Number of protein chains: 2
Amino acid sequence: MLRNFKEILEKAKSFKKATLVVPIAEDEASLTAAIEAYKLGLINAILIGNKNRMTEAAKEFSGEGLANYEVIETDNPEEAAKKACVLCREKKADIILKGNLQTSQLLKGVLNADFGLRTNNLLSDVCVIEDPISNYKKLVGISDGGINILPNLDQKRQMIENAVSVMHKLGVAIPKVAVLSAIEKVNPGMPSSVDAAELKKMNLEGKIKGCIVDGPLALDNALHKWCAEMKGLKSEVAGDADILICPNIESGNIFVKGLVYYKNIKQGHVIVGAKVPVLINSRVDDAESKLHSILLAIVTGTER
Amino acid sequence: MLRNFKEILEKAKSFKKATLVVPIAEDEASLTAAIEAYKLGLINAILIGNKNRMTEAAKEFSGEGLANYEVIETDNPEEAAKKACVLCREKKADIILKGNLQTSQLLKGVLNADFGLRTNNLLSDVCVIEDPISNYKKLVGISDGGINILPNLDQKRQMIENAVSVMHKLGVAIPKVAVLSAIEKVNPGMPSSVDAAELKKMNLEGKIKGCIVDGPLALDNALHKWCAEMKGLKSEVAGDADILICPNIESGNIFVKGLVYYKNIKQGHVIVGAKVPVLINSRVDDAESKLHSILLAIVTGTER
């Protein structure tokens, strides 16, 4: 079981080199992360964008040019997204890292019926954090603060499956999944609590496999067994959750940003469910969190 | 402007003594908080519940009996909630602190048309935290992780007004209000972002007064001006928000619990909008956070 990003890095080094493609590789954080991953021997990189701007940017941020990277020229973000997708379809690239274009422009390409990377699975964002609650002895996956606005029951089932696949690759054999709500009892007036109980039932019935699902749980119950016990809950998940499923995009987004900005946790995140891992870090994420996302993509998302 | 709970305590000492009523005062945290507030000279207390159990509990937790408190006997939680409400209607009590009964049992009393404490205002929960982002130089109000499940636009307007009234009493003349979403641009597919923009407009039109409202803001934009600027936002609120309005109960609940359990912040919270402040702390809250809630209720909720 991998416990932190340092261990994910060591694991990533054991994989065959992946090829990372960066549409509009003209911003500091994505360029720096790509260059760093290359220097660590983890990837080859294909940089798509305006050659002059990319060269200038690479010189400014790393003091070097682009000699080590394949360069594809375009000034058009949607064209860059399309090229990145086509490269992945042709198996010439394995991971997409968003550069200086809008998330919506990239996802429009990824979801395109002709040249995109859609599978039969739901796309969902899994954020992996180094876990302060366990005193940094484990990794915890949180989903989904980035893609699915108000997932329905079946979409939540797929969010769980996507997050479970990530935690399996990180070495957690049977991840414990806490389906979060604002309460720990089913309240028909709070649909997130009803869905959570239903997902637990689906797990017990074998419709969600490879994990133990419990819910509804409030965050305190999920994090600490004594909190669950004070509320009269018996739960295998309480106090030892490996995955926290948030009921809507706002709760996932605010929760993770709260951990980043109040607690300074280390995190990386990856979109799961497409043919290849897609990394859509925010422009305010630093190069370290983008590198973490690349490491996650190598270890959890590719079959090499 | 009060900056932390120590300063709220000093301010509370300047108020005329309030009377706190505790329905089913049989649990450690609520009894301990009431006794401590009494010893600080802030309140007189009316304890409602089973006299034997209350006496035993008080001896166990404080080493003393109930000689200093008015005691009203009942074994029935709904009866206890009713009695607490009636005492407040008759102006014999000023603040209700939930003891060992369900929040729903207490709120059923508070919302009762005959003997309850409803006004024309929405009831909403305002959590006040000592703010790590400002290096603990200010207090921030967060609403609503406890009462309103999926507030509509008008309910969010009232949540803002309730939170603004609290921050006014804490000495913030013109609170800056960040209406949170998962993004900082209006996206018709994400209703929380649409509402946030509408609330900003209502503030500009003078329909929400005494504050500066901005939204939609993602949490990073609300907390740090550089994050807002990287996203191309110009905002008076970004980087200096006094109030964070969450779009639904799950995001408010998970956010605040995240701050409590990952960051160990000091907080108290109060339900605003009823005839008196109502304190519905969770059973897992400790006596300190309940005492903080009493302090908040004294300073922000009573007119003495």
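Look above for the structure.
Computed from a prediction, not measured in an experiment: that's the story for all the values here.

> Can you tell me about the overall build of chain A, naming the residues and giving the values?
A count of helices and strands for chain A gives eleven helices and eleven strands. Computed over the C-alpha atoms, the radius of gyration of chain A is 19 Å, within 12% of the 19 Å expected from 2.2 N^0.38 for a compact globule of 304 residues. Each principal axis of the C-alpha distribution contributes one length, and for chain A these read about 65 × 40 × 35 Å. Taking all 304 residues of chain A together, the buried fraction comes to 60%. Expressed as a percentage of contacts within chain A between residues at least 6 apart in sequence, the contacts between residues at least 24 apart total 71%. As presented, chain A carries roughly 12,000 Å² of accessible surface, and 48% of it is formed by carbon and sulfur atoms. Looking at charge distribution, chain A has the averaged site of its 39 positive side-chain charges lying 4 Å from that of its 38 negative ones.

> Please provide a residue-by-residue account of the side chain of Q267(B), values included.
Residues and elements named next belong to chain B. Mapped onto the elements, Q267 comes out in strand β10 (residues 267-272). The exposure class assigned to Q267 is buried, which follows from its relative accessible area of 5%. Other than its neighbours up to four places away in sequence, Q267 contacts F5, C127, V128, I129, V260, D285, S289 and H292.

> Tell me what's going on with the packing of aromatic side chains, and back it up with residues and numbers.
Residue and element names in this part refer to chain B. On inspection of all chains with the given rule, the structure shows four aromatic pairs over all chains. Look at Y38 and Y69: their rings are 5.1 Å apart centre to centre, the planes differ by 70 degrees, and that puts the pair in the edge-to-face class. Taken together, the positions of Y38 in helix α2 (residues 28-39) and Y69 in the loop between α3 (51-62) and β3 (70-73) put the pair 31 residues apart, joining distant regions of the chain. On the accessibility criterion, Y38 (22% relative accessible area) is partly exposed. Given the relative accessible area of 8%, Y69 is considered buried.

> Any details on the relation of the copies chain A and chain B? Residues and values, ideally.
If you rotate chain A by 180 degrees and push it 0.0 Å along the axis, it lands on chain B with an RMSD of 0.0 Å. Taken together, the rotation and translation describe the operation of a two-fold axis. Ranked by how close their C-alpha atoms come to the rotation axis, the residues of chain A are headed by S251(A), at 1.9 Å. Both copies share a contact surface, since 98% of the interface residues of chain A are interface residues in chain B too.

> Account for the interface of chain A and chain B, naming residues and giving values.
With 40 residues of chain A at the contact, the number on the chain B side is 39 residues. Interface area, chain A with chain B, both sides summed: about 3,600 Å², of which 69% is carbon and sulfur. On the surface where chain A and chain B come into contact, there are two salt bridges. D220(B) is the partner of K257(A) in a salt bridge, and the nearest nitrogen-oxygen pair spans 3.7 Å. Where chain A packs against chain B, one counts six residue pairs in polar contact (both at pLDDT 80 or more).

> So what's going on with the packing of helix α4 (residues 77-89) of chain B against helix α5 (residues 103-110) of chain B? Which residues, and what values?
Residues and elements named next belong to chain B. At their nearest, the axes of α4 and α5 sit 8 Å apart, and the two run at 40 degrees to each other. By the angle class used here, α4 and α5 are oblique. Here α4 and α5 pass one another in a crossing that is right-handed. On α5, the residues that touch P77, E78, A81 and C85 of α4 are Q105, L106, K108, G109 and V110. Counted by class, the contact of α4 with α5 contains five nonpolar, two polar and two charged residues.

The rules behind each value
- Residues numbered from 1 in each chain as written.
- Chains lettered and ligands numbered in written order.
- Predicted model: local features only at pLDDT ≥ 70, side-chain atom pairs only at ≥ 80, totals over all residues.
- Heavy atoms only, no water.
- Helix = DSSP H or I, 4+ residues; strand = E, 2+ residues; numbered from the N terminus.
- Rg over C-alpha atoms; globule rule 2.2 N^0.38 Å.
- Buried < 20%, exposed > 50% of the residue type's maximum accessible area, 1.4 Å probe, protein only.
- Contact = heavy atoms within 4.5 Å.
- Areas by Shrake-Rupley, 256 points an atom, 1.4 Å probe, with all protein chains shown as cover.
- Lys, Arg positive; Asp, Glu negative; His and termini not counted.
- Charge placed at Lys NZ, Arg CZ, Asp CG, Glu CD.
- Phe/Tyr/Trp six-rings, centres within 6.5 Å; stacked < 30°, edge-to-face > 60°.
- Least-squares fit on C-alpha atoms with pLDDT ≥ 70 in both.
- Buried area = accessible area lost by both parts, 1.4 Å probe.
- Salt bridge = Lys/Arg side-chain N within 4 Å of Asp/Glu carboxyl O.
- Polar contact = N/O pair within 3.5 Å; in protein donor to acceptor, adjacent residues only side chain to side chain.
- Axes fitted to C-alpha atoms, helices over the stretch in contact; angles between N-to-C directions.
- Parallel < 35°, antiparallel > 145°, perpendicular 65-115°, else oblique.
- Left-handed = near helix turned anticlockwise from the far one by under 90°.
- Nonpolar A, V, L, I, M, F, W, Y, C, P; charged D, E, K, R; others polar.

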